[in-house]
Amino acid sequence: MSSQDQPKPGIEQQASESTLGGGMMANQGDNNNQIQDDNNIQQQNNSQAQVNQDNSTGYQTNVDGGTAYIGNNTIIHPQNKPNAAVKEIPYIGVRHFVGRESELAKIHEALHRGKAYAISAVAGMGGVGKTELAIKYARLYEKNYPGGICWFSVRNGNLATEIIQFAQLHLNLQVPQKNFQGNPLSLIQQVTWFWENWQPCQGLVLVVLDDVTDANNFIEYLPKNSRFRVLITTRLRNLDSNIEEILLDALSEKEGLQLFVNLIGSLRVNKESATAREICQWLGYLPLGLELVGRYLAEDFDLSLARMLERLQTQNLQDEAIDIKLQKGQNNYFLMTGKTSIKAAFELSWQELNTPIATVAQLLSLFALDVIPWKFVEFIAKYLNWAEETLDNAKKLLYKLQLIQSAGEGSYKIHPLIREFLQAKLLESGLADNLTLAFATSMAALAKQVPKSPSFVELQNIAPIVPHLTQVAKSMTKYLSDRDLCHPFVCLAKFYEAQGLYKQAEPWRLQCLSEAQSRLCIKHPTVDVAASLHGLAKLYKYQGRYTEAEPLFLQALELRKAIIGEYDQNYTESLYELGELYLPLGRYSEAETLLWKTLELRQNLLGDSHPEIVEGLDGLAMLYSYQGRYSEAELVYEKTLKLKKEFFGDNNLHVANNLYRLALVLARKQWRKKARNSILLFTSDDRRIESLFEQSIDITKRLLGEYHPILAERLRELSLFYYQQKWYRAR
């Protein structure tokens with residue numbers, strides 16, 4: 001055979017010695033004639049015409065319709081094209097589709113950014129409406145795909161088989177089962193042949209792969225031609241770096257309520273509007289949950305929304321309203337896209353977890369419905385002696401499966417219904433007591449680290465733990481040891497007190513005292529009970545509720561004296577606070593006795609150079625100020641200001657307080673002087689007073705924020721000073 005007669009290797013042969021599965025063939029020249037004769041006989045039997053164009057030689061295969069290229073050989077077969085493009089969308093879709101405008105626009109942009117082949121994935125948790133979004137997109141943009149729309153369900157079926165069945169049923173294409181040697185073709189080879197030989201009507205084709213669960217079960221079956229656009233729905237994040245991902249979250253509050261209105265009617269929602277909002281919030285604005293509950297309510301006109309909410313809160317995911325399988329009749333559900341319960345939707349992701357990762361997921365369900373800093377999870381993991389690798393793997397997989405969502409760097413959150421699902425799994429596991437003990441104990445340990453008087457910056461660091469400590473304080477106190485019992489309550493109270501939110505702080509002080517008295521006093525009075533009394537009394541003092549504060553201070557003082565004696569810092573603290581309380585009540589003699597005794601005890605305990613000694617001196621200065629002994633008060637405040645700057649630095653609340661009190665004393669002293677001598681000018685002394693006020697206000701604003709009542713009080717005193725001096729200027 002001459003070199004001109006040799007068959008030239010084509011693309012298919014180079015890739016795998018024939019895409020259709022053939023290997024390297026020997027004796028090609030000797031067999032060409034026999035193969036050609038066999039093909040001619042086969043063509044006659046099948047009433048097909050085969051033409052070797054442009055003097056091509058080599059091997060051919062029978063294809064029902066279209067043109068097949070093998071090597072450099074062209075085989076032409078009669079085309080059996082459909083009369084019109086196939087537009088297969090197997091679902092009707094919801095009638096009341098709400099929101100998602102931006103997501104629909106993102107999908108279309110991703111699939112039409114250029115002329116090249118494009119693929120996009122809609123990723124989201126179970127029940128969030130991924131399939132509904134794909135249906136809406138396909139119907140909304142149907143005209144953009146004149147070549148056709150084909151839809152394949154990936155989770156419950158074999159994608160390759162579905163593609164081949166689509167070719168046969170909808171396009172009348174007979175996909176070859178064997179290569180020219182008679183060897184069976186693999187499913188990948190058959191699917192590749194289909195995509196290469198399907199000649200759709202002119203224009204783009206949309207291919208939807210619904211509910212992809214693994215990158216390995218679909219990528220090899222994707223079309224590669226630029227006329228195809230592929231849209232994927234999946235519960236998984238980051239399927240592949242070449243796939244543009246569009247994340248789908250729950251509906252917004254407004255959209256969720258609108259969907260609920262669409263399902264049960266505006267009259268019914270308006271009648272119980274607040275309850276309707278609570279139901280939507282409880283469901284986390286998850287479309288599947290809203291649709292299930294909405295359809296259930298539509299079936300029962302007499303069922304009030306209040307009763308429905310009560311049932312959901314009591315029975316959680318076990319209520320038949322959100323579990324179709326529990327319902328006797330399902331007449332109202334036959335047109336639903338996904339006929340499944342919320343629990344079943346989440347179960348699919350749960351089945352992907354091994355035991356250690358499932359345990360981490362159950363631990364996460366103990367956190368409040370708020371942002372969860374991962375450092376808190378790591379702190380609890382150390383208590384449980386979990387390996388770092390286990391925790392890292394859990395975080396990655398739970399995030400990939402959409403069981404947790406990112407809430408910023410290093411923080412995550414859980415959807416309300418997923419949290420309910422995981423809590424149910426926790427109860428079933430038998431690990432509930434151990435994990436709750438670890439959670440409550442760890443949170444109490446974190447609470448103990450909070451400073452006595454948090455600054456504005458420190459409050460921002462404390463804020464993330466507040467919702468989770470609230471969870472412990474409300475429902476997990478039985479897991480706390482006697483030693484840890486008060487820590488969550490005290491931390492929560494300090495958090496609100498530091499912001500001047502005294503009404504929010506009071507319930508935690510009261511509950512702390514109640515818990516301490518009911519548990520700890522049964523055995524014997526403890527310092528924690530005394531501390532609880534003292535904390536509540538101090539809160540009342542902040543609020544000006546002096547008559548309520550006094551008996552609590554007295555009880556705390558007596559308990560501390562009985563338990564720890566007089567030579568203890570906690571005892572002197574109670575002594576000092578009680579003495580300071582008597583000043584606004586005008587009980588100066590009692591106040592002076594207590595304040596001098598406090599200073600004497602602290603000097604014996606701590607020596608002359610200690611921050612608490614300075615606080616004792618402050619008390620005496622306040623006494624002098626109340627008594628109108630301004631010169632004496634001034635001397636003490638000048639001394640304590642210098643000491644405080646040495647102890648704490650210039651930018652400290654202790655310094656700010658001292659500056660403010662010194663300014664007040666000097667202002668009253670100056671006012672008395674001017675009143676006696678009829679001085680109307682703004683003097684250098686006045687300018688110093690003004691400067692002291694301004695320094696105090698600047699430090700207070702930095703440390704406590706712009707909306708703290710202490711700052712408001714200092715601004716008020718400065719304005720009063722200007723008024724008294726009859727000297728005004730814009731502030």
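As a reminder, the structure under discussion sits directly above these lines.
To keep things clear, this report deals only with the structure shown in the data block. (Residues numbered from 1 in each chain as written. Predicted model: local features only at pLDDT ≥ 70, side-chain atom pairs only at ≥ 80, totals over all residues. Heavy atoms only, no water.)

Moving on to the sheet that holds strand β4 (residues 148-153). Taken together, the 5 strands give an open sheet; going across it, the order is β4-β5-β6-β3-β7, and neighbouring strands pair in parallel fashion. Pairing within the sheet leaves two strands with one partner each, and these edge strands are β4 and β7 (244-247). The average angle at which neighbouring strand axes cross in this sheet is 20 degrees, direction not considered. Bridge count between strand β3 (residues 118-123) and strand β6 (residues 228-234): 6 bridges; the pairing is parallel. Bridge assignment links Ser 120 to a residue of β6, and that residue is Leu 231. Together, β4 and β5 (205-212) form the strand contacts of helix α5 (residues 159-170), whose direction differs from that of β4 by roughly 145 degrees. (Pairing = 2+ DSSP bridges. Helix = DSSP H or I, 4+ residues; strand = E, 2+ residues; numbered from the N terminus. Axes fitted to C-alpha atoms, helices over the stretch in contact; angles between N-to-C directions. Contact = heavy atoms within 4.5 Å.)

Within the sequence span of helix α12 (residues 342-350), burial applies to Ile 342, Ala 345, Phe 346, Glu 347, Ser 349 and Trp 350. Close packing links the buried residues of α12 with α10 (287-299), α13 (355-364) and α16 (416-429). (Buried < 20%, exposed > 50% of the residue type's maximum accessible area, 1.4 Å probe, protein only.)

Let's shift gears to a negative patch on the surface. There is a patch of like negative charges on the surface, built from Glu 378, Glu 388, Glu 389 and Asp 392. Looking at the negative patch element by element, the count peaks at 3 residues for helix α15 (residues 388-400). Among the secondary structure elements, Glu 389 is positioned in helix α15. For Glu 389, a relative accessible area of 59% gives the class exposed. (Patch = residues over 30% accessible without salt bridge, like charges linked within 9 Å, V, L, I, M, F, W, Y side chains within 5 Å. Areas by Shrake-Rupley, 256 points an atom, 1.4 Å probe, with all protein chains shown as cover. Salt bridge = Lys/Arg side-chain N within 4 Å of Asp/Glu carboxyl O. Lys, Arg positive; Asp, Glu negative; His and termini not counted. Charge placed at Lys NZ, Arg CZ, Asp CG, Glu CD.)

Taking 1.5 Å per residue, 21 residues should reach 30 Å; helix α29 (residues 684-704) reaches 30 Å between its end C-alpha atoms and fits that length. Asp 686, Ile 689, Glu 690, Leu 692, Phe 693, Ser 696, Ile 697, Ile 699, Thr 700, Leu 703 and Leu 704 are the residues of α29 that are buried. Following α29 by one or two positions, Gly 705 adopts a phi angle in the positive range, close to 90 degrees. (Expected span 1.5 Å × (residues − 1).)

As enumerated under the stated definition, the model contains 30 salt bridges in all. Linking Asp 484 and Arg 483 is a salt bridge whose minimum nitrogen-to-oxygen distance equals 3.9 Å. Put simply, Arg 509 and Glu 497 hold a salt bridge, and the shortest N to O gap is 2.9 Å. Here Glu 497 lies in helix α20 (residues 487-497) and Arg 509 lies in helix α21 (residues 502-523), a separation of 12 residues in the sequence. Like Arg 509, the residue Glu 497 is buried in the burial classification. Taken together, the shared-partner salt bridges in this structure form one network comprising Lys 538, Lys 541, Glu 577 and Glu 580.

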